[in-house]
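# Analysis of the macromolecular model
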Amino acid sequence: MSEGGKPSLRIDWFDGTLIEDTLQNTISSTASFVDEDQPEPQPPPKPTFSEKKPIGFKRLLDFSTLKPPILTLEIAHRPGFWNLLDGELKDDFIVLIVKILAAIYKSLVPGEKSKITSMLKTRFEKSNFLEILKEYLIGLPSIRIAEKCMNMHLWNDVQLFYSEVYMLCEGIINYGGSSVEFLKNIYDLLEILETSAVGVKEEHTETISDNFFEQIQGLKSRLMKLINKDPIDEASSLKLELQPKDPHHFKNLSIFPSKEDLLQKNNIKIKPNIVNGAYPSVEQYLDVQFKLLREDCFGPLREGICKYMENPSKRRHENIRVYPRVRILRTYISNNKVGHLVDIAWNERITTGLVDNKKLVYNKQLMFGSLLLFTSDQFEKILCATVLDSGMNLLSEGYIAVSFHNAVSNKIFSEPYLMVESEVFFEPYHRVLKVMQSSRLDDLPMRRYIVDVQKETQPPAYLTEETLYTIQAPNKEEITFPVLSKDWPQAYDMDHSQMDAYTLALTREFAVIQGPPGTGKTFIGIKIATTLLKNLSLEGTPMLVICYTNHALDQFLEGILEVTNNMVRLGSQSKSKILEPYNLNNMRGRIKSKYSHLYGSKRSELEKIVKCMSEIQTEIEKCEKEVLTYKSVKKYLKGNELKSNKEDPILPWLFEHEEDKFDKLLQDDEESDDWEKVPETEDEDLKLETCFSEEWALKEIDSMYNSIKYVKDINDDQYEGEKMTDRFETQIRKVRSRMNCFKKKRPFLQKEDNENIEVKEVKDLYSLTPEERWNAYFATVRKIQGELMTRMNVLLDQHNTCSRELEEVSTLVDGEVMKTARVVGVTTTTAARRHELMQRLLSPIVIVEEAAEVFEAHIVASLTNHCQHLVLIGDHKQLRPTAAHYKLAKDYNFEISLFERMIRNGIHARTLSVQRRMRPNFVELLVPAIYERLDSHPWVVTYPDVRGMKDNLYFYCHDVFEDSEGMENSWSHKNTLEAQWCVSLASYLRQMKYQPSEITILSTYTGQASLIKELSKKYTLLRDVKITVVDNYQGEENRIIILSMVRSNRDGKIGFLTAANRICVALSRAKEGFYIFGNMNVLKTASTIWRFIYDKLVSQNAIGKKLTLRCDKHQDNLLEVDNTEDLDNSLKGSCLRVCENK
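Thresholds applied
Residues numbered from 1 in each chain as written. Predicted model: local features only at pLDDT ≥ 70, side-chain atom pairs only at ≥ 80, totals over all residues. Heavy atoms only, no water. Helix = DSSP H or I, 4+ residues; strand = E, 2+ residues; numbered from the N terminus. Buried < 20%, exposed > 50% of the residue type's maximum accessible area, 1.4 Å probe, protein only. Contact = heavy atoms within 4.5 Å. Areas by Shrake-Rupley, 256 points an atom, 1.4 Å probe, with all protein chains shown as cover. Core = buried A, V, L, I, M, F, W, Y, C linked by side-chain atoms within 4.5 Å. Pairing = 2+ DSSP bridges. Axes fitted to C-alpha atoms, helices over the stretch in contact; angles between N-to-C directions. Left-handed = near helix turned anticlockwise from the far one by under 90°. Nonpolar A, V, L, I, M, F, W, Y, C, P; charged D, E, K, R; others polar. Salt bridge = Lys/Arg side-chain N within 4 Å of Asp/Glu carboxyl O. Phe/Tyr/Trp six-rings, centres within 6.5 Å; stacked < 30°, edge-to-face > 60°. Lys NZ or Arg CZ within 6 Å of the ring centre and 35° of its normal. Expected span 1.5 Å × (residues − 1). pLDDT = per-residue confidence, 0-100. Arc of directions from axis to C-beta. Right-handed = clockwise from strand over helix to strand, strands pointing away.

### What to know about the overall build of the protein chain
Per the secondary structure count, the protein chain includes 40 helices and 29 strands. For the protein chain, with 1142 residues in total, the buried portion stands at 54%. Long-range pairs, those at least 24 residues apart, make up 73% of the contacts in the protein chain with a sequence separation of at least 6. Accessible surface, the protein chain: about 52,900 Å² in total, of which carbon and sulfur atoms supply 48%.

### Quick look at the nonpolar core
Among the nonpolar cores identified, the biggest contains 140 residues, and I450, F510, I650, W653, Y777 and L872 are the most heavily contacted of them. Looking at which element gives the most residues to this core, the answer is helix α28 (residues 770-819), with 18 residues. In this structure, I450 is in contact with Y285, L444, P445, F510, E856, V860, L863, L898, R901 and M902, ignoring residues within four places of it in sequence. The next biggest cluster of nonpolar side chains, apart from the first, holds 66 residues, and it includes I97, V158, V165 and I192.

### Description of the sheet that holds strand β4 (residues 337-343)
In spatial order, the strands read β3-β4-β7-β6-β5-β8; together these six strands close into a barrel with antiparallel pairing. Ignoring which end each strand starts from, the neighbouring axes of this sheet average 50 degrees apart. Bridging between strand β5 (residues 371-375) and strand β6 (residues 383-389) involves four bridges; their strand directions are antiparallel. Its bridge partner being in β6, L371 is matched across the sheet by T386. Against the sheet, helix α23 (residues 596-625) contacts β3 (320-334) and β4, and its axis sits at roughly 120 degrees relative to β3. The strands that α28 touches are β3 and β4; relative to β3, the one it contacts most, it runs at about 85 degrees.

### Let's talk about the packing of helix α4 (residues 91-107) against helix α8 (residues 158-175)
Closest axis-to-axis distance for the α4/α8 pair is 8 Å, and the angle between their directions is 35 degrees. Where α4 crosses over α8, the handedness of that crossing is left-handed. On α8, the residues touching V95, V98, K99, L101, A102, Y105 and K106 of α4 are F161, E164, V165, M167, L168, G171, I172 and Y175. Residue composition of the contact of α4 with α8, by class: 11 nonpolar, one polar and three charged.

### Points about the pattern of salt bridges
According to the stated counting rule, one finds 49 salt bridges in the structure shown. Here K611 makes a salt bridge to E615, at a shortest N to O gap of 2.8 Å. Pair noted here: K611 and E615 are both in helix α23, with a separation of four residues, about one helical turn. Judged by relative accessible area, K611 falls into the exposed class, the value being 52%. Note that K950 and D951 form a salt bridge whose closest N and O atoms lie 3.5 Å from each other. Connected through salt bridges with shared partners, the residues E191, E194 and K220 form a single ionic network.

### Considering the packing of aromatic side chains
Inspection of the entire model under this criterion finds 32 aromatic pairs. Where F374 meets F404, the ring centres are 5.5 Å apart and the plane angle is 50 degrees; that geometry is what we call tilted. With F374 in strand β5 and F404 in strand β7 (residues 399-404), the pair connects residues that are 30 residues apart, well separated along the chain. Residue F374 is classed as buried on the basis of its relative accessible area of 1%. Considering the side-chain rings of Y956 and W981, the 4.5 Å spacing of their centres and the 40 degrees angle between planes classify their relative orientation as tilted. Of the two residues, Y956 sits in strand β22 (residues 953-957) while W981 sits in helix α35 (residues 976-991), which places them 25 residues apart along the sequence. Take Y956 and W981: they sit in the same class, and that class is buried. Within the aromatic cluster, the residues linked to one another by ring pairs are F655, F692, W696, F742, W774, Y777 and F778. A cation over an aromatic ring shows up here: R327 above the ring of W346, its NZ or CZ 5.3 Å from the ring centre. Just above the ring of Y1094 sits the side chain of K1084; from NZ or CZ to the centre is 3.8 Å.

### Let's talk about the pairing of strand β8 (residues 417-422)
For β8, the buried fraction is high: six of the six residues fall into the buried class. Strand direction decides the pairing type here: β3 and β8, joined by five bridges, are antiparallel. Looking at the pairing, R321 lines up with E421 of β8. Two strands pair when backbone bridges link them, and β5 and β8 are joined in this way by four bridges, in the antiparallel orientation.

### A short note on the environment of K411
Mapped onto the elements of the fold, K411 is located in the loop between β7 and β8. Taking relative accessible area as the criterion, K411 reaches 64% and is therefore assigned exposed. Expressed as a C-alpha distance, the spacing of K411 and I328, which sit 83 residues apart in the sequence, is 9.8 Å.

### Some words on unusual backbone geometry
In most cases, non-glycine residues show a negative phi, while peptide bonds are predominantly trans. That bond from V927 to P928 is cis: its omega, 0 degrees, falls within 30 degrees of zero. Following the sequence through the fold, P928 ends up in the loop between α34 (920-923) and β21 (935-936). A positive phi angle, close to 50 degrees, is found at V453, a residue other than glycine. Here V453 is to be found in the loop between α18 (447-450) and β9 (468-472).

### Looking at the sheet that holds strand β16 (residues 823-827)
Spatial ordering of the open sheet is given by β13-β16-β12-β17-β18-β11-β19, a layout of seven strands whose pairing is parallel. The sheet is open, and its two borders are formed by β13 (567-569) and β19 (909-911), each paired with just one other strand. For this sheet, the mean inter-axis angle between neighbouring strands, taken without regard to orientation, is 15 degrees. Strand direction decides the pairing type here: strand β12 (residues 543-547) and β16, joined by five bridges, are parallel. Paired with I546 across the bridge in β16 is V826. Strands β12, β13, β16 and β17 (845-848) of the sheet are contacted by helix α21 (residues 550-560), whose axis makes an angle of about 165 degrees with β16.

### So, helix α17 (residues 426-437)
Helix length check: α17, at 12 residues, gives a terminal C-alpha distance of 16 Å against a target of 16 Å (1.5 Å per residue), a fit within 8%. Among the 12 residues in α17, 10 count as buried, and that is most of the element. Taken together, the buried positions of α17 are F426, E427, P428, Y429, H430, V432, L433, V435, M436 and Q437. Buried residues along α17 sit in contact with α13 (282-310), β5, β6, α29 (828-833), α30 (835-841) and α31 (856-862).

### Notes on the confidence of the model for the protein chain
Looking at the protein chain as a whole, its pLDDT mean stands at 85, while 88% of the residues score no less than 70. Ignoring residues within four places in sequence, the model shows residues 1-51, a span with pLDDT below 50, making 102 contacts including any to other chains. Here residues 668-685 is modelled with pLDDT under 50, and outside its nearest four sequence neighbours on either side it reaches 23 contacts, counting other chains as well.

### Looking at helix α1 (residues 57-64)
Every buried residue of α1 is accounted for by R59, L60, F63 and S64. The arc that holds every buried residue of α1, seen down its axis, measures 140 degrees, which confines them to one face. Where α1 is buried, its residues contact α2 (70-76), α3 (79-82) and α4.

### A closer look at the pairing of strand β23 (residues 999-1003)
With five of its five residues buried, β23 lies for the most part within the structure. Along β23, one buried face is formed by I999, I1001 and S1003 and the opposite face, lined by T1000 and L1002, is buried too. In the sheet, β23 pairs with strand β25 (residues 1038-1044) via five bridges, with the strands oriented parallel. Bridging across to β25, I999 finds its partner in I1040. Bridge count for β23 against strand β24 (residues 1026-1029) is four bridges, and the pairing is parallel. Residue pairing in the sheet places T1000 in a bridge with K1026 of β24. Once the chain exits β23 it traverses helix α36 (residues 1006-1016) before rejoining the sheet at β24, and the crossover so formed is right-handed.

### Examining the environment of Q454
Structurally, the position occupied by Q454 is in the loop between α18 and β9. On the basis of relative accessibility, which here comes to 31%, the residue Q454 falls in the partly exposed class. Residues Q454 and G277, spaced 177 residues apart in sequence, show a C-alpha to C-alpha distance of 9.1 Å. Apart from the residues within four sequence positions on either side, Q454 is in contact with R448, Y449, I907 and H908.

Okay, here's the thing in structure tokens:
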């Protein structure tokens, strides 16, 4: 409360009126929205719903003039509206409520999960309003003329009211998910509506069209089929409501793991992905895809936990990371998000007092969104959470912030937990599973192709026979023609396969384009997009471009910029400087939205809550890290008053047993100041005061050491100087003694067996032993912490409510911003995370680049019901989706993407067949082992030979085994010999005047890439040469590629080097020069593809145990080298050392 007991006021975020502030004294428990006709505050029992009076007629009339989504936002958060539904309602109230509810239901997306849908289910459907409406309708025909003036909102437009009642019924049916009982109630309402309309038409001669009665009959027929469970598509949306719930149905499975998911054999039946032919139904399709994706996430976690249970003392565990003893400390604020603070170094903190977790900061663990499991009873009970914050400052001190999946009780703070982190990154799984679980069973985008696998395709719905497109001919001439015509003009400088794919993508609603290496799939994708942009307005319905990686998305959007800069890029992981102005965060600030006021107001309200929570968090941290002043603990510390002349009384009371000897040395010192003394303050603020901390002690010690140096420098009197120095050194020992004592005692505050120690009253606090004093102090601190946490929890409820409101408004603002664009770019993960926003875009055209690399569920989760035209671009023979659970890839076809499945079924696919990247002899390594056909464009034949090398393609074969030392705890591999060859050859080629940007060193394993980077530091010319793993180089190319195969062992194991798609990417990055280092004997023994490649290399005389160098000045002079030392020394002279002419 403000001064004088008056309530503080704030401006209502909707209409600008002054209302009571919900945040007064930071402990208000009222909801975020307060109506102007709020009753006087009273202390009644806690209500089931927010304690508000029903809103008045004027406010209801104001609401009825609004349109969704602003109407939806307002009604969702106005308790006073919902309280109207069960009370006695006057005539015009009923008319306006019908109008509002009809508009809301009409705006809902079927199956939508939001605050408003929750309120409709819990408040509207369970209210008495439909009965009130029925009675009102029944009485309308017999109303007297004199009474009409009391109900003018009806009689001013009778037809409109009856239409709105019809729209309300229709909206309820379209939204779906209602119980049969409720649908029967709607059917009764429709019959009463029809009878009432007939009566009003006859008795009051009102005009009601015949079409209205036809609409009622149609809706009644449709509703009766639903109630009688007719096997029509619309009924399937009620299927789960009409039959006993199967706990293993995908709609009922938890997205977070349970005990049964982790400790038992998987009882949920998983079926393989159907890769040949159609799925029986949408429901079975979603069930299969959901369960496969869920098992890919939980399967490795289950295996890791089961193996851990067998041998907990093992140093390293498969698929999981184990943190044996952690403590959940308290509620924690991080980046405006609220979670819980977890001490992952608690065991070290209470045993040794030393915590050093800096190594975790640089590892890929405990990342934002990672899945964590907490258990205190061997997984009998499990708490699931995700990482909310693991920033450097937090993690280096041994803390992380987490967000729990479900609400947790205060009991979690009273015991230590075992914490398990899943190595399978949970965030993308979580987002996609959530979208799939909320999908309707009767309405999947592109169902006829994705589920039914129909081979007959048709044009996009937005095209007609009269639709004209304009394209540019090679001579820059603009050609206009009917786009659905069979005779297309030759456009652009495209080969036949590109033109075929281009035509298919523009004229068919579902198109698949396969682009082998170097055939220009990104080029053709950009051409398709730019042609659509040049010929369609897409106003308010932007084209959606979806890519698997941020790199590919940046590349694609940069290509489109040549046609339009009217685009928005979602996500914060873009590396492109060119696209920075088009990032959603930047665009949001530049484009004025009609919801900007709402957003700003809600943002301000949330920031105010967070500020209050942060202030309380600061006070809680003081309790944990510092010594509170006597003034702060006095009212809790029961006993006689503590006194001290020099410093805060709490300090000598806690520390005097440590420092009697120091006090004797200092007692005669009249000039000795009180180093810890805190100035008295008159401030009545609730903030806690502190008088000692480890941080303060270290600064004070450092300051006194500086003072000693200063005294020695300026004091000529040796005796006086020594006296002052001794005094400083004594004080330093005193402060250090207190610091060490406090460090030793601090962990006591967190010990679980001290949680319930109460503050007991003691007559003489000075009679307590040192141990008892610390016990009393910490019991007092826990009491203060408890009060602070109570205040924090009240604010937490307000924060959660306000956050949901802000998220809804944010979606509206972002939707407005993105609808001003013609192109929206997003990654698959972001598309799933912001699925509601994707729905609002109404995008009819979706282009998916890298489609072959993405799990089928990820693409389906990225689509919305507004999709009329889908183009998938990729190449399943390069990179496929990578399953975390190998069994699913091996036995369940899980690594087969939607892209590959469509090609296997012969659906609307075109393959680009002319490559423009590699020398023709490089292509021979891929055909026909991987591709049946891959032609070369004439220009690749004109490449110059690699300077300084006899061969443009060469496989250096060796028999040296890969390293074992230092790799015991790693799943990666490295081979020092190959690494030395790679850097030595790269250095040699740099001396042949190739630029760093023209050479790339690739490795098949991350361990090898790290080793090559380390060795390259010895060569100054390699400073800017790119060194990376093959998987990270997909879609890229360079003039010269040096490749290390790594695998070489007596067991003949080559791991994923047997995979055709991995081989394909590795062998297709080079343009002019390609040099490979590996053990071909091991490779060809383990793989038939490598045997084929070996035969091709032999036929080209491009494999051996010696590299042949050629003098760039004297072409006839050659030098064979079989070791890296000779290669490094080959250019000691002015040219190759075998040359006679230097």
